Amino acid sequence: MPEPRGRPGSAAQRPTGGDKAVATQKKQYFRRKKVCRFCVEKIDDINYKDVRMLQSFISERGKITPRRISGVCAPHQRRLSEAITQARNIALVPFASAM
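Residues numbered from 1 in each chain as written. Predicted model: local features only at pLDDT ≥ 70, side-chain atom pairs only at ≥ 80, totals over all residues. Heavy atoms only, no water.

Caption draft 1: Quick peek at the overall build of the protein chain. Along the backbone of the protein chain there are five helices and zero strands. Sequence-ordered secondary structure for the protein chain, helices as α and strands as β, is α-α-α-α-α. The buried share of the protein chain, reckoned over its 99 residues, is 20%. Total accessible area on the protein chain is roughly 8800 Å²; 53% of this is exposed by carbon and sulfur atoms. (Helix = DSSP H or I, 4+ residues; strand = E, 2+ residues; numbered from the N terminus. Buried < 20%, exposed > 50% of the residue type's maximum accessible area, 1.4 Å probe, protein only. Areas by Shrake-Rupley, 256 points an atom, 1.4 Å probe, with all protein chains shown as cover.)

Right, dumping it as structure tokens:
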């Protein structure tokens, strides 16, 4: 029977990645659950004038750090993004970094 041409169809025909066997043998590292900084310190209102605190949640490119990276809970992330937007509008925090 001639070999089929084009992309492999079934899973048996697909080439297996050599990395998979190595990845399963590697040690699994325990990742600590990120805890919301505002919940721990019991901060209810996020002030847009507190530039130093806001700067820790902004990347060097000027983007707001996402929840999965910063570890902030959803309600505080919404307030944080509002505060950063307000601070940007009155020029306390830059919209983007100067290259």
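Caption draft 2: Spotlight on the side chain of Gln-77. Along the chain, the position of Gln-77 falls in helix H5 (residues 74-89). For Gln-77, a relative accessible area of 13% gives the class buried. Apart from the residues within four sequence positions on either side, Gln-77 is in contact with Ile-64, Thr-65, Arg-67, Ser-70 and Val-72. (Contact = heavy atoms within 4.5 Å.)

Caption draft 3: Expanded view of the nonpolar core. Within the largest apolar cluster, 14 residues are counted, with the highest numbers of intra-cluster contacts made by Phe-38, Ile-46, Met-53, Leu-54, Phe-57, Leu-80 and Ile-84. For this core, the secondary-structure elements that each account for two or more residues are helix H3 (51-55) and H5. The leading source of residues in this core is H5, at four residues. Not counting chain neighbours up to four residues away, the residues in contact with Ile-46 comprise Phe-38, Met-53, Leu-54, His-76, Arg-79, Leu-80 and Ala-83. (Core = buried A, V, L, I, M, F, W, Y, C linked by side-chain atoms within 4.5 Å.)

Caption draft 4: Structural view of the state of the cysteines. Taken as a whole, this structure holds zero disulfides when the rule is applied. Here Cys-73 stays unpaired: no disulfide links it, and the sulfur of Cys-36, its closest cysteine neighbor, is 3.6 Å away. (Disulfide = S-S within 2.5 Å.)

Caption draft 5: Just the environment of Ala-83, in detail. Its location among the elements puts Ala-83 in helix H5. In this structure the C-alpha to C-alpha distance between Ala-83 and Tyr-48, which are 35 residues apart in sequence, comes to 4.5 Å.

Caption draft 6: Main features of unusual backbone geometry. For Lys-42, which is not a glycine, the phi torsion comes out positive at approximately 55°. Considering the arrangement of structural elements, one finds Lys-42 in the loop between helix H2 (37-40) and H3. By relative accessible area, Lys-42 is classed as exposed at 72%. Even without being a glycine, Ala-91 presents a positive backbone phi close to 65°. Here Ala-91 is to be found in the segment after H5.

Geometry only, nothing functional implied.
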